[in-house]
Amino acid sequence: MELIQENPDLSAYLAADDVIDHHHPLVRDTAARLAKDAKDSYGYARLAFDFVRDAIPHSQDADDPRVTWRASDVLEQGTGICHAKAHALAALLRAEDIPTALCYQRFVHDEGAGHALHGLVAVRFNGAWHRQDPRGNKPGVDARFSLDGEHLAFRPDAATGELDYPGLYATPHPGVLGALRAAPDRPHLWKSLPTAL
């Protein structure tokens, strides 16, 4: 699949905002701590990915009802669904000047009825974008950081209406962000997330 950079200005994929708040002291401190152990930008990106994937549990896997959406809140509270974890990873990567996009997939809903959007990121290295999925591993899920072929958490099954969206976005999808901001808890969030872009 050819990924499509929705904003032609690469600097948009380095920007901070209310969601990807890489100017926040907690994001900056976390990035600085991770960067100490990195030899280069690629090494840092891998460390940041591993940190978000492994140290911040996916709230459904952990049965945590809290809903986070701002990168700094994800780091502070140590929880989030895929979209929130993607926001946190984007902030950590952008904090170290690594262009990072948000991207989406559509899967059959965990509850079994309909579909839901799944959030992940893409990083830009060597003039190309590479998708990464920090949602967190569990039995049957083995996502890994890679610039040599994708190692994502899930593969869409077209027969069930699942798909990859090719767009690379500088900011979160408005429907996803609206659902995250409005949900009082994760069970409510599951009922309000968009089913498609």
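In case you missed it, the structure is sitting above this.
Residues numbered from 1 in each chain as written. Predicted model: local features only at pLDDT ≥ 70, side-chain atom pairs only at ≥ 80, totals over all residues. Heavy atoms only, no water.

## Things to note about the overall build of the protein chain
Within the protein chain one finds six helices and six strands. Starting at the N terminus and walking to the C terminus, you meet the elements of the protein chain as β-α-α-α-α-β-β-β-β-β-α-α. Against the globule reference of 16 Å for 197 residues, the protein chain gives a C-alpha radius of gyration of 15 Å, in line with a compact fold. For the protein chain, the spread of C-alpha atoms along the three principal axes comes to 45 × 35 × 35 Å. Within the protein chain, the fraction of its 197 residues that count as buried is 50%. Long-range pairs, those at least 24 residues apart, make up 63% of the contacts in the protein chain with a sequence separation of at least 6. Surface accessibility of the protein chain: about 9000 Å² in total, with carbon and sulfur atoms responsible for 50%. The averaged location of the 28 negative side-chain charges in the protein chain is 2 Å from the averaged location of its 20 positive side-chain charges. (Helix = DSSP H or I, 4+ residues; strand = E, 2+ residues; numbered from the N terminus. Rg over C-alpha atoms; globule rule 2.2 N^0.38 Å. Buried < 20%, exposed > 50% of the residue type's maximum accessible area, 1.4 Å probe, protein only. Contact = heavy atoms within 4.5 Å. Areas by Shrake-Rupley, 256 points an atom, 1.4 Å probe, with all protein chains shown as cover. Lys, Arg positive; Asp, Glu negative; His and termini not counted. Charge placed at Lys NZ, Arg CZ, Asp CG, Glu CD.)

## Focus on the pairing of strand β4 (residues 128–132)
Most of β4 is tucked away, with four of its five residues classed as buried. Across five bridges, the pairing between strand β3 (residues 115–125) and β4 is antiparallel. The residue of β4 that forms the bridge with V123 is H130. (Pairing = 2+ DSSP bridges.)

## Some words on the sheet that holds β3
Here we have four strands laid out as an open sheet, ordered β4-β3-β2-β5, and antiparallel in their pairing. The sheet is open, and its two edges are formed by β4 and β5 (163–164), each paired on a single side.

## What to know about the pattern of salt bridges
Enumeration according to the criterion identifies 12 salt bridges in this entry. One salt bridge in this structure joins R66 and D64, with 2.7 Å as the shortest N-O distance. The partner of E150 in a salt bridge is R131, with the nearest N and O atoms 2.7 Å apart. Of this pair, E150 sits in the loop between β4 and β5 while R131 sits in strand β4, and the two are 19 residues apart along the sequence. Assessed through its relative accessible area of 3%, R131 is described here as buried. Sharing partners across several salt bridges, the network here consists of D18, R70, D73 and R181. (Salt bridge = Lys/Arg side-chain N within 4 Å of Asp/Glu carboxyl O.)

## What about the packing of aromatic side chains?
If you walk through the whole model with that rule in mind, you get six aromatic pairs. Measuring from centroid to centroid gives 6.1 Å for Y104 and Y169, while their planes differ by 55°, and the two rings are tilted. Of this pair, Y104 sits in strand β2 (residues 100–108) while Y169 sits in the loop between β6 (167–168) and α5 (174–182), and the two are 65 residues apart along the sequence. With a relative accessible area of 3%, Y104 lands in the buried category. For Y169, a relative accessible area of 27% translates into the label partly exposed. Through successive ring pairs, a cluster of aromatic residues spans Y42, F49, F125 and F145. One Lys or Arg, R181, reaches over the ring of W69 and ends 4.4 Å from the middle of that ring. In this structure, R186 packs its charged tip against the face of W190, placed 5.9 Å from the ring centre. (Phe/Tyr/Trp six-rings, centres within 6.5 Å; stacked < 30°, edge-to-face > 60°. Lys NZ or Arg CZ within 6 Å of the ring centre and 35° of its normal.)

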